[in-house]
Amino acid sequence: MIREQLFAMQDLEYRDFHARLIPNVEKEKIIGVRTPALRKYAKSLSLEEAENFMSCLPHEYYEENNLHAFLIERERNFDDCIKKLECFLPYVDNWATCDMMRPKVLGKYPEELLEYIDKWIAAADTYRVRFGLNMLMTYYLDDNFKEEYLERAAAVQSEEYYVNMMIAWYFATALAKQYEKALPFFTESRLPLWVHNKAIQKAVESRRITAEQKQYLRTLKKNKKGDSI
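In this text, all values refer to a predicted model and were calculated from it rather than measured experimentally.

1. Re the packing of aromatic side chains
Thought 1: Taken as a whole and judged by the stated rule, the model has 12 aromatic pairs.
Thought 2: Ring geometry for tyrosine 170 against phenylalanine 171: centres 5.1 Å apart, planes inclined by 80°, an arrangement best described as edge-to-face. Note on accessibility: tyrosine 170 and phenylalanine 171 belong to one class, buried.
Thought 3: With 5.2 Å between their ring centres and 45° between their planes, phenylalanine 171 and phenylalanine 185 make a pair best called tilted. Residue phenylalanine 171 is found in helix α11 (residues 161-177), and its partner phenylalanine 185 is found in helix α13 (residues 184-187); the two are separated by 14 residues along the sequence.
Thought 4: Judged by relative accessible area, which is 0%, phenylalanine 171 ranks as buried.
Thought 5: Site record: aromatic cluster; members linked through ring pairs are Phe78, Tyr109, Tyr116, Trp120 and Phe131.

Listed below in C-alpha cells is the structure:
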C-alpha cells in the first residue's frame, strides 16, 4: 500500500522542521518524507499504480498530495496532463505542493498553455491562481517572453498572502531575466505596495541581479504612504 511505503520513509526530525514552513497544514497531516526520496518513489510506481492512486481524491496526507504532483509531472501528453491538473488543483492546499509541481510537457506547448494560465489566474481559489502565476514565471520569461505577460501578472488582484508572494516572486524573476521590460512596473509604481517592496527585496537577494541594479532597486522601495524610502 502506498501510504505504508510513505510511512516507511518517515523522518520525524524532518517532519518537525518542515511543518514550520507550511503552517496552514496540520502537523498531524505531515508524514515527514524528504523530497528526493518521494520523487524517487514516484518514479518507481507502475502506470497502473499511479493511475489508481491519482483516482483517489482527496488525499489525507501532505506527502500524498506531493506524490500526486510528482506523478502528474511524469505525464508526457499535454491534454492528459491538463486533465490531471484540473482534477488535482482544487485539492492543493499549500504553497509547497503547488510550487514543486512543474510538468515539463506544459512548456512544450506555450500557445495552448496560455489559455489555461488565463483561466487559473482568474480563479477564486488561492493555489490555482498561484499555480497559474508559477507557470507564467517558469515558461514565459525566457524564449517565450512577451511584454504583455508582465501585464497579465500585474493584473492579478488578491488579498491572499500566498498569491501576492507569488506575484512578487514573478516580478523579482522578471527583473533578473527581463530587467528593462520589468523595471517600469517599479519606477511607475504599477504594483501594490507590499508586492512592490517584496519583489525588490527578493530581487536584491538574487545572484542574478547585478550590484549596480541592486543599488538602484533599493532606491525604489516605498513606505506605507507610497513615498520612496
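2. What about the environment of tyrosine 139?
Thought 1: For tyrosine 139, the position within the fold is in helix α9 (residues 126-139).
Thought 2: With a relative accessible area of 15%, tyrosine 139 lands in the buried category.
Thought 3: Sequence-wise, tyrosine 139 and lysine 198 are 59 residues apart; in three dimensions their C-alpha atoms are separated by 22 Å.
Thought 4: The residues contacting tyrosine 139, other than those within four sequence positions of it, are Arg102, Pro103, Lys104, Leu106, Gly107, Leu113 and Asn144.
Thought 5: Among the polar contacts listed, one links the side chain of tyrosine 139 to the backbone oxygen of proline 103, at a separation of 2.7 Å.

3. Observations concerning the nonpolar core
Thought 1: Membership of the largest hydrophobic core comes to 80 residues, with the highest contact counts inside it found for Leu85, Leu106, Phe171 and Leu217.
Thought 2: For this core, the element with the most residues is α11, which contributes 10 residues.
Thought 3: Those residues in contact with leucine 106, other than ones at most four positions away along the chain, are Phe78, Cys81, Ile82, Leu85, Leu113, Phe131, Met135 and Tyr139.

4. Topic: the layout of surface pockets
Thought 1: Estimated volume of the largest pocket: approximately 220 Å³.
Thought 2: Along the walls of the largest pocket sit Glu73, Arg74, Glu75, Arg76, Arg102, Pro103, Lys104, Val105 and Lys108, which together make up its complete lining.
Thought 3: For the second largest pocket, the calculated volume is near 160 Å³.
Thought 4: Lining the second largest pocket, in full, are Met1, Ile2, Arg3, Glu49, Asn52, Phe53, Cys56, His59, Glu60 and Glu64.
Thought 5: If you list the elements that add at least two residues to the lining of the second largest pocket, you get α1 (2-8) and α4 (47-54).
Thought 6: When grouped by side-chain class, the residues that make up the lining of the second largest pocket number four nonpolar, two polar and four charged.

Cut-offs and rules
- Residues numbered from 1 in each chain as written.
- Predicted model: local features only at pLDDT ≥ 70, side-chain atom pairs only at ≥ 80, totals over all residues.
- Heavy atoms only, no water.
- Phe/Tyr/Trp six-rings, centres within 6.5 Å; stacked < 30°, edge-to-face > 60°.
- Buried < 20%, exposed > 50% of the residue type's maximum accessible area, 1.4 Å probe, protein only.
- Helix = DSSP H or I, 4+ residues; strand = E, 2+ residues; numbered from the N terminus.
- Contact = heavy atoms within 4.5 Å.
- Polar contact = N/O pair within 3.5 Å; in protein donor to acceptor, adjacent residues only side chain to side chain.
- Core = buried A, V, L, I, M, F, W, Y, C linked by side-chain atoms within 4.5 Å.
- 1 Å grid on protein atoms, 1.4 Å probe; cavity = no way out; pocket = protein on both sides within 12 Å on 5 of 7 lines; lining within 4 Å.
- Points joined across faces, edges and corners; volume = space filled by probe spheres on them.
- Nonpolar A, V, L, I, M, F, W, Y, C, P; charged D, E, K, R; others polar.

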